[in-house]
Amino acid sequence: MLQGINLACVRGDRELFRDINFSVEAGCLMQVSGPNGSGKTSLLRMLCGLSNPAAGEIRWCNTPVRSLEGEYFSDMTYIGHLSGTKDDLTVSENLRISSALAGVEISFSQAAEALAFIGLGGRDNLPVKVLSQGQRRRVALARLLVCKTTLWILDEPLVALDVAAVQLIKEVLERHLQQNGIVVMTTHQEIDITASSKMQLHLA
Amino acid sequence: MFIWIIKRDLLLAVRRQSDVLITLFFFIIVVSLFPLSVGPEMNLLRTMAPGVVWVAALLASMLSLGRMFSNDYLDGTLEQMLLSPQSLSILVLGKAFAHWIVSGVPLVLMAPVLGIQYDLPFDALLVLTGALLLGTPVLSLIGAIGAALTLGLRGGGVLVSLLVLPLYIPILIFGAGAVEANMAGIAFDAHLSLIGAFLLASLVFAPWAAAASLRVSLE
Amino acid sequence: MAINWFKYSSPASFYTLAGKMIPIFVIAAVIFLVAGLYIGFFVAPTDFQQGEAYRIIFIHVPAAWMSMFLYVVMAFWAAIGLAFNTRLSSMFATAIAPTGAMFTFLALWTGALWGKPMWGTWWVWDARLTSELILFFLYIGFMSLQAAIDDPRRADKAGAIIAIVGVVNIPIIYFSVQWWNTLHQGASVSINQAPAMASTMLTGMLVMVLASWMYSIAVILKRVRVIILERESHSAWVTELQKKGAV
C-alpha cells in the first residue's frame, strides 16, 4: 500500500541517501534503522508529506501522495520527536484538540478512557507543564488510541518511556498490525513486536 | 475545525493573559509618548492623533505576530496542523482570527480612551474606532504571511517588521485618512469602504499565501 | 536553426553560456553609457526653466524605470522558480534583487539632488518619491529574508512568496500613496505636468535606459554565475573547473 520509489534526500550540500525502494503492505511493520544522522527522521518526514523528496516518489494505494493531499492525511498519523502538546492546556484538552486537528472529534469521556488506558488515569485535568517527559510522551501516544487511521508513522515512539509503557505501546502496535494497519517506525531500543510480516530498512 | 483552532488559541490566551496585556500596554505607552516628545499643544496633538494611534496600533499588532506560529512550531503542534486532513488555509484563517481577537480587539476598545487624551471630538472617536475595527483584521491577516515566512529564523522578530510594515502602508493611509477627513468635515465613507475592500481581498489571499509559507518554512 | 533552450536551463551549461555573454553586454553597456552621457551633457540643450540642473534626469529617470521594472522581473522569475521548481529561475531572482535595490537607491539619491535646486528642499513627500522609498523597503525585505535563511531551497521559496505578495501590493501601495498625496497637497510642487521635452533630451534618456539595461544584464549574469558556483560547489563539474584552474 505504501511505496517508496527511488527516494533521495539532500540536506544542505550533503546527500543523506539515494535510491531507497520499498513497498509495505497491510499488516506490515517496517522498522527504519541506521546510525545518527543517516536520515531516519528525514525519511519519515518525507513519508508523512511534511517535506518533498529530492528525487523519487512516494505512493499510497498506487497514487502519488502529492496528488492525494488531505485524503492521505486522513489515512495517516504521524508522531514525531516533538510531542505536539501545549504546556498550558490540560492533558485531556490536549488530546481532544490534537484529535480534532486529525479530523476525529472525541468527547471528554472518550479522552478519559484513552488516557486511563495509557496510564494517565486521574491526571486528565492537570496542565501538561507539570508532567514528566515520559508522561508527555504518553499524552502524545494516546492519539494512537483514538485515531482510526491505517498508516502510523512513528519517530522514536519509545524515547523516555518506562518498561510498563513500552510494553503497553507494544500491545497497541501489535493490535493495530493484526487489524491490517501499517506501522513505519524508528527506534534505537530493542523491541520485539510480533507481526505477520516485518521489514527492516537500513540507512547507512 | 475553524472553530476548534479559534477556541484553542483563545483558551491559550486566557491561560497566559500577560501576553495580551503586554500588547495592550505597549499600545498605550507608545501613544502616550508622543505628547511628551512634541509638547502638550492641544491643536497640534489633535491633528496628530489619528496618525499616532494608527502607527501605534500597527506596531502593537506587529509585536504580537511572532507568537502567532512560533509556539506551535517549537512544540510540534504546527506539524500536526500541516498534516491535518482539513485545508491549511482555513486553519491559518482561524489562527489569524484568534490573533485579531487577542491583539486587535483590545486595541480597538482602547483607542477611544486614548483619543480623548488627544482631545478628539466625539464624531472623530467613533470614526477612529470604526476604522480600527475594519483595519486591524487586515493587519493580522497580512501579518500571518510574514510570521509564517520568518518561522524559526534568527532575528525573526525584526525581520517580520521589515517584511510586513511596507505592506501595512495602505491601511495606515486610509485608516488615519478617514479620521482626518471626518475632522475636516469631509465625507469619510470612501476611506472605510476602501479598508473594507482590503479586508475582503486579504481574507481571500492572505490565508492562502500564509499556508504556502508555512509549508515552505516547515520543509 | 533550432536552439535547444532546455539545455541552458541546467546551471552547468548556463554557467558557460553566461560566461560568453557577459563581455558582449559589458561592451554594449559601456558604448551606450558613453553615448548617452555625451548626448546628455553636450548635445541636449539647456532647459529654459530648470537650467543645467535638469541634466540629472539622464541618470534619475533610467534608474527609476529600472528599479520598478527589475522588481517585476524578479517576482516573475521567483514565481516561475516556485511553480516549476526550476533552480536557475530562483537564482535569477536572487541575483536581480541587489541591482534593483541599487537602482532604487540611485533614483532616490538623484531625486534628492534634483529636488534641492528645483523645490529648494532635499526631500518632498511627493507620491512618486514616497512610492520609490517603499519599493526600496520591499527590496530590502526580500534580500534580508533570503539572507536570514540558511537552506537555499527554503530561501528561494520564501523569497518567491514575499516577492509575489509585494508585486500584488505595489499597485495598491502606489495608488494609496498617490491618493494620500493629493489629499495633503499644498506645500510640495507638483511634478506631474512636465514640460514637453526636446527630442535630443528624449534620445539621451533612452540611450541611458539602454545602457542601464545592458549594465543590469551583465551584472546579473555575473551574479548568477557566482551563485551557481556557490550552490553547486560540491558537484563534479565545479570540481573539474577548479582542477583546470578556471575558477
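The text that follows walks through the structure, step by step, so that each part is easy to find. This is a predicted model, so every value here is computed, not measured.

Rules and cut-offs
- Residues numbered from 1 in each chain as written.
- Chains lettered and ligands numbered in written order.
- Predicted model: local features only at pLDDT ≥ 70, side-chain atom pairs only at ≥ 80, totals over all residues.
- Heavy atoms only, no water.
- Contact = heavy atoms within 4.5 Å.
- Buried area = accessible area lost by both parts, 1.4 Å probe.
- Salt bridge = Lys/Arg side-chain N within 4 Å of Asp/Glu carboxyl O.
- Pairing = 2+ DSSP bridges.
- Helix = DSSP H or I, 4+ residues; strand = E, 2+ residues; numbered from the N terminus.
- Axes fitted to C-alpha atoms, helices over the stretch in contact; angles between N-to-C directions.
- Buried < 20%, exposed > 50% of the residue type's maximum accessible area, 1.4 Å probe, protein only.
- Polar contact = N/O pair within 3.5 Å; in protein donor to acceptor, adjacent residues only side chain to side chain.
- Core = buried A, V, L, I, M, F, W, Y, C linked by side-chain atoms within 4.5 Å.
- Phe/Tyr/Trp six-rings, centres within 6.5 Å; stacked < 30°, edge-to-face > 60°.
- Lys NZ or Arg CZ within 6 Å of the ring centre and 35° of its normal.

**With respect to the interface of chain B and chain A**
No. 1: Taken together, the 27 residues of chain B in the interface contact 29 residues of chain A.
No. 2: Of the roughly 2,600 Å² buried between chain B and chain A on both sides combined, carbon and sulfur atoms contribute 58%.
No. 3: Our enumeration of links across chain B and chain A arrives at five salt bridges.
No. 4: Two residues, Asp 75 of chain B and Lys 86 of chain A, come together in a salt bridge whose shortest N-O distance is 2.9 Å.

**Let's talk about the interface of chain B and chain C**
No. 1: Tallying the contact residues gives 24 residues for chain B and 26 residues for chain C.
No. 2: Contact between chain B and chain C buries roughly 2,200 Å² in total, counting both sides, with carbon and sulfur atoms accounting for 76%.
No. 3: For the chain B face of the interface with chain C, the top three residues by lost area are Leu 149, Leu 167 and Val 216 of chain B, together amounting to 23%.
No. 4: In this assembly, chain B and chain C are joined by three salt bridges.

**Examining the sheet that holds strand E6 (residues 76-79) of chain A**
Residues and elements named next belong to chain A.
No. 1: Strand order in the open sheet formed by five strands is E6-E7-E8-E3-E9, and the pairing between neighbours is parallel. This sheet does not close on itself; its edge strands, each paired only once, are E6 and strand E9 (197-202). On average, each strand axis in the sheet is tilted by 15 degrees relative to the strand beside it, whichever way the strands run.
No. 2: Examined bridge by bridge, strand E7 (residues 151-155) and strand E8 (residues 182-186) share five bridges and lie parallel to one another. Among the inter-strand pairings, Leu 151 is bridged to a residue of E8, identified as Ile 182.
No. 3: With respect to the sheet, helix H1 (residues 40-48) is in contact with strand E3 (28-33), E6, E7, E8 and E9, its orientation differing from that of E7 by roughly 155 degrees.
No. 4: Of the strands in this sheet, E6 and E7 are in contact with helix H6 (residues 133-146), which crosses E6 at around 170 degrees.

**Thoughts on the pattern of salt bridges**
Between side chains of opposite charge, a pair can form as their charged atoms come close.
No. 1: All told, the structure shown has 22 salt bridges over all chains when counted by the stated rule.
No. 2: Put simply, Glu 174 of chain A and Lys 170 of chain A hold a salt bridge, and the shortest N to O gap is 3.7 Å. Of this pair, Glu 174 of chain A and Lys 170 of chain A both sit in helix H7 (residues 163-178), four residues apart, roughly one helical turn. Both residues of the pair, Glu 174 of chain A and Lys 170 of chain A, count as buried.
No. 3: Salt-bridge contacts for Glu 219 of chain B lead to Lys 157 of chain C; the nearest nitrogen and oxygen are separated by 3.4 Å.

**Here we look at the side chain of Ser 202 of chain B**
Residue and element names in this part refer to chain B.
No. 1: If you trace the backbone, Ser 202 turns up in helix H9 (residues 189-218).
No. 2: The class for Ser 202 is buried, based on a relative accessible area of 8%.
No. 3: From its side chain, Ser 202 meets the backbone oxygen of Phe 198 in a polar contact 2.8 Å long.
No. 4: Among all residues touching Ser 202, those that are not within four sequence positions of it are Val 138, Leu 141 and Pro 207.

**Structural notes on the pairing of strand E2 (residues 14-24) of chain A**
Every other side chain in a regular strand lies on the same face of the sheet, so the side chains alternate between the two faces.
All names here are of chain A.
No. 1: Inspection of the sheet shows strand E1 (residues 2-11) paired to E2 by seven bridges, in the antiparallel sense. Counterpart to Gln 3 in the pairing with E2 is Ser 23.
No. 2: Two successive antiparallel strands, E1 and E2, enclose a turn made up of two residues, where Gly 12 displays a positive phi of approximately 60 degrees.

**Remarks on the side chain of Arg 8 of chain B**
Residue and element names in this part refer to chain B.
No. 1: Within the secondary structure, Arg 8 is located in helix H1 (residues 2-15).
No. 2: Exposure remark for Arg 8: the relative accessible area of 2% places this residue in the buried category.
No. 3: Side-chain polar atoms of Arg 8 contact the side chain of Asp 9, separated by 3.0 Å.

**Remarks on the nonpolar core**
No. 1: In terms of nonpolar packing, the biggest core is built from 159 residues, with Leu 2, Tyr 72, Ile 153 and Val 184 of chain A together with Phe 69 of chain B touching the most fellow members.
No. 2: Residue contributions to this core peak at 15 residues, all from helix H7 (residues 122-149) of chain B.
No. 3: In this view, Val 184 of chain A contacts Leu 2, Met 30, Val 32, Leu 44, Leu 47, Leu 151, Trp 152, Ile 153 and Leu 154 of chain A; residues no more than four positions away in its chain are not counted.
No. 4: If you look at the next biggest cluster of nonpolar residues, it comprises 35 residues, including Leu 115, Val 128, Cys 147 and Val 166 of chain A.

**Let's talk about the packing of aromatic side chains**
No. 1: Inspection of every chain in the model, using the stated rule, returns 20 aromatic pairs over all chains.
No. 2: Considering the side-chain rings of Tyr 38 of chain C and Phe 42 of chain C, the 5.5 Å spacing of their centres and the 40 degrees angle between planes classify their relative orientation as tilted. Within this pair, Tyr 38 of chain C and its partner Phe 42 of chain C are both found in helix H1 (residues 11-43), separated by four residues, close to a single helical turn.
No. 3: Tyr 38 of chain C sits in the partly exposed class, given a relative accessible area of 48%.
No. 4: The exposure class of Phe 42 of chain C is exposed, given its relative accessible area of 64%.
No. 5: Connected via pairs of aromatic rings, a cluster forms that spans Phe 14, Phe 76, Trp 77 and Phe 92 of chain C.
No. 6: Over the aromatic face of Phe 108 of chain A sits the side chain of Arg 96 of chain A, whose NZ or CZ is 4.1 Å from the ring centroid.

**Side note on the sheet that holds strand E5 (residues 63-64) of chain A**
All names here are of chain A.
No. 1: Strand order across the open sheet formed by four strands is E2-E1-E4-E5, with antiparallel pairing between neighbours. Two strands bound the open sheet, and with one partner strand each, they are E2 and E5.
No. 2: Across two bridges, strand E4 (residues 55-60) lies against E5 in antiparallel orientation. Within the sheet, the bridge partner assigned to Trp 60 lies in E5 and is Thr 63.
No. 3: Its contacts with the sheet place H1 against E1, E2 and E4, and it is angled at close to 130 degrees to E1.

**Thoughts on unusual backbone geometry**
If a residue is not glycine, its phi is most likely negative; likewise, a peptide bond is most likely trans.
All names here are of chain A.
No. 1: Located in the positive-phi region is Asn 62, a residue other than glycine, with phi close to 70 degrees.
No. 2: Along the chain, the position of Asn 62 falls in the loop between E4 and E5.
No. 3: Asn 62 sits in the exposed class, given a relative accessible area of 61%.

**Brief notes about the pairing of E1 of chain A**
No. 1: As paired strands, E1 of chain A and E4 of chain A are joined by five bridges and run antiparallel to one another. Paired with Leu 2 of chain A across the two strands is Trp 60 of chain A, which belongs to E4 of chain A.

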